[in-house]
Amino acid sequence: MKKTTFAIVGTGIVGERIINQLRTCTEASIVALFDENDKRLQEMADTYGLYAASSYEEVLSLKPDWVYIGTPPISHATLSQQAIAHGLNVLCEKPLAHNAEDGLVMATAATNSASRTAMHFPLLYSPSVRHMMKLVEEGAIGKIVRVELQTHFPHWPRVWQQNPWIASREQGGFTREVFPHYFQLMYRMFGPLTITSHETAYPEDEALAEIGVLAIGKTGSDIPFLINGVSGVGQQEELSYTVYGAEGVLKLRNWSELSVAQKDSPFEILTSFDTVDSLTQECIAAANGAEALLVSFDEGLEVQKLIDHLLD
């Protein structure tokens, strides 16, 4: 079978992760890299033996099956529109866009074309997360009574993720960088989400991103949810997504550690999960006209609206 081709636009830390994921798949081929940072672009091209395109226009002219966009959010709409106009499929980094207005432009462009769209939400392709979703769907923990997201960061930006924009109020912050992963998961598990009240705290420096978020809301079926995010606290980074049921509780800790508790019993870490297809495999399936589990720009837009609400 012909390999599915990918072009990588944006070769930062996450873009490099995408490169490595694609390199492990024998059915995928990277035809080009592009980044406006010439030094980083050449470094990645030399490290992985890949072609460095001289411009985004050159990337589009190569007609890859998928264009991955891993640039700062403010550029997502323009780059996606151009790729879709060339009839290409687009895999976009989260958040979908700089704001919901740009996100709507992207979603509309996709709807009015034959291009497939996807977003880089790794949780959906995690065996432990899919097991969590399955247990909730099967009613294993009874009626769902609450959902909570707790995120605590000793540093923002995180030590491994230092760049000029990720600390900025304009484009960065954990509400844009971390919350979308869990909002997308909540959306898949419980449907549309509505934030009914929130408080977002900012530092004195108006150029810097938020330092605290508290929010409450409800799902479409009136399940209450609580969001609590804070940075600059004296502990290790800790992320927990917890689904409380009348008969049990499921907790996803630090992205992948899934545990379950029953009434009057301690949490037990689960370690046995079914294998699931990766995002790369799903993109390949979609490029070949098969059914695929992807997060479309339409779904990404729903997440974007929640982000905008919290940062308003």
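Structure shown above.
Reading the values: rules and limits
- Residues numbered from 1 in each chain as written.
- Predicted model: local features only at pLDDT ≥ 70, side-chain atom pairs only at ≥ 80, totals over all residues.
- Heavy atoms only, no water.
- Helix = DSSP H or I, 4+ residues; strand = E, 2+ residues; numbered from the N terminus.
- Rg over C-alpha atoms; globule rule 2.2 N^0.38 Å.
- Buried < 20%, exposed > 50% of the residue type's maximum accessible area, 1.4 Å probe, protein only.
- Contact = heavy atoms within 4.5 Å.
- Areas by Shrake-Rupley, 256 points an atom, 1.4 Å probe, with all protein chains shown as cover.
- Core = buried A, V, L, I, M, F, W, Y, C linked by side-chain atoms within 4.5 Å.
- Arc of directions from axis to C-beta.
- Polar contact = N/O pair within 3.5 Å; in protein donor to acceptor, adjacent residues only side chain to side chain.
- Salt bridge = Lys/Arg side-chain N within 4 Å of Asp/Glu carboxyl O.
- 1 Å grid on protein atoms, 1.4 Å probe; cavity = no way out; pocket = protein on both sides within 12 Å on 5 of 7 lines; lining within 4 Å.
- Points joined across faces, edges and corners; volume = space filled by probe spheres on them.
- Nonpolar A, V, L, I, M, F, W, Y, C, P; charged D, E, K, R; others polar.

A. Representation of the overall build of the protein within the structure. In terms of helices and strands, the protein carries 10 helices and 13 strands. Its C-alpha atoms give the protein a radius of gyration of 20 Å, near enough to 20 Å, the size a compact globule of 312 residues would have. Oriented by its inertia axes, the alpha-carbon framework of the protein measures out at about 60 × 50 × 35 Å. When each of the 312 residues of the protein is scored for burial, the buried share is 52%. Look at the contacts in the protein between residues 6 or more apart in sequence, and 67% of them connect residues 24 or more apart. As displayed, the protein offers around 14200 Å² of accessible surface, 50% of which is attributable to carbon and sulfur atoms.

B. A look at the nonpolar core. In this structure, L33, Y56, M189, F190, Y241, V243 and F297 are the most contacted members of the largest nonpolar core, which totals 96 residues. Contact partners of V243, with chain neighbours within four places excluded, come to M132, V136, I141, I144, R146, M189, F190, G248, V249 and L250.

C. Region of interest: helix α2 (residues 38-48). Along α2, the positions that sit buried rather than exposed are L41, M44, A45 and Y48. Projection of α2 onto a plane perpendicular to its axis shows the buried side chains occupying an angular sector of 100°, all on one side. Seen from the open side of α2, the exposed residues pointing more than 90 degrees away from its buried face are K39 and D46. The backbone nitrogen of K39 lies 3.2 Å from a side-chain oxygen of the residue at the head of α2, namely N37.

D. Quick peek at the pattern of salt bridges. Under the definition given, this model contains nine salt bridges. Between K2 and D65 there is a salt bridge, and its shortest N-O distance comes to 3.6 Å. Taken together, the residues K2 in the segment before β1 (4-9) and D65 in the loop between α3 (56-61) and β3 (66-69) connect sequence positions 63 residues apart. Measuring nitrogen to oxygen at the nearest pair gives 2.9 Å for the salt bridge that ties R188 to E299. With a gap of 111 residues between them, R188 in helix α8 (residues 179-190) and E299 in helix α10 (residues 297-311) connect regions that are remote in the sequence. A residue is classified by how much of its surface remains accessible, and E299, at 8% relative accessible area, is buried. Each of E16, R40 and E43 takes part in a single network of salt bridges with overlapping partners.

E. Spatial organisation of the layout of surface pockets. Size it by volume and the largest pocket reaches roughly 730 Å³. Lining the largest pocket are 31 residues, with G12, G70, T71, P72 and W165 sitting closest to its centre. Here the lining of the largest pocket gets three residues from one element, more than from any other, and that element is helix α1 (residues 13-23). When its residues are assigned to classes, the lining of the largest pocket shows 13 nonpolar, 12 polar and six charged. If you add up the space inside the second largest pocket, you get close to 520 Å³. If you trace the second largest pocket, you find 22 residues lining it, with R17, Q21, H120, P122 and H181 closest to the centre. At the level of elements, α1 and α9 (279-287) are the ones that each hand at least two residues to the lining of the second largest pocket. The element contributing the most residues to the lining of the second largest pocket is α1, with three residues. Considering only residue class, the lining of the second largest pocket consists of eight nonpolar, eight polar and six charged.

Keep in mind these values describe shape, not function.
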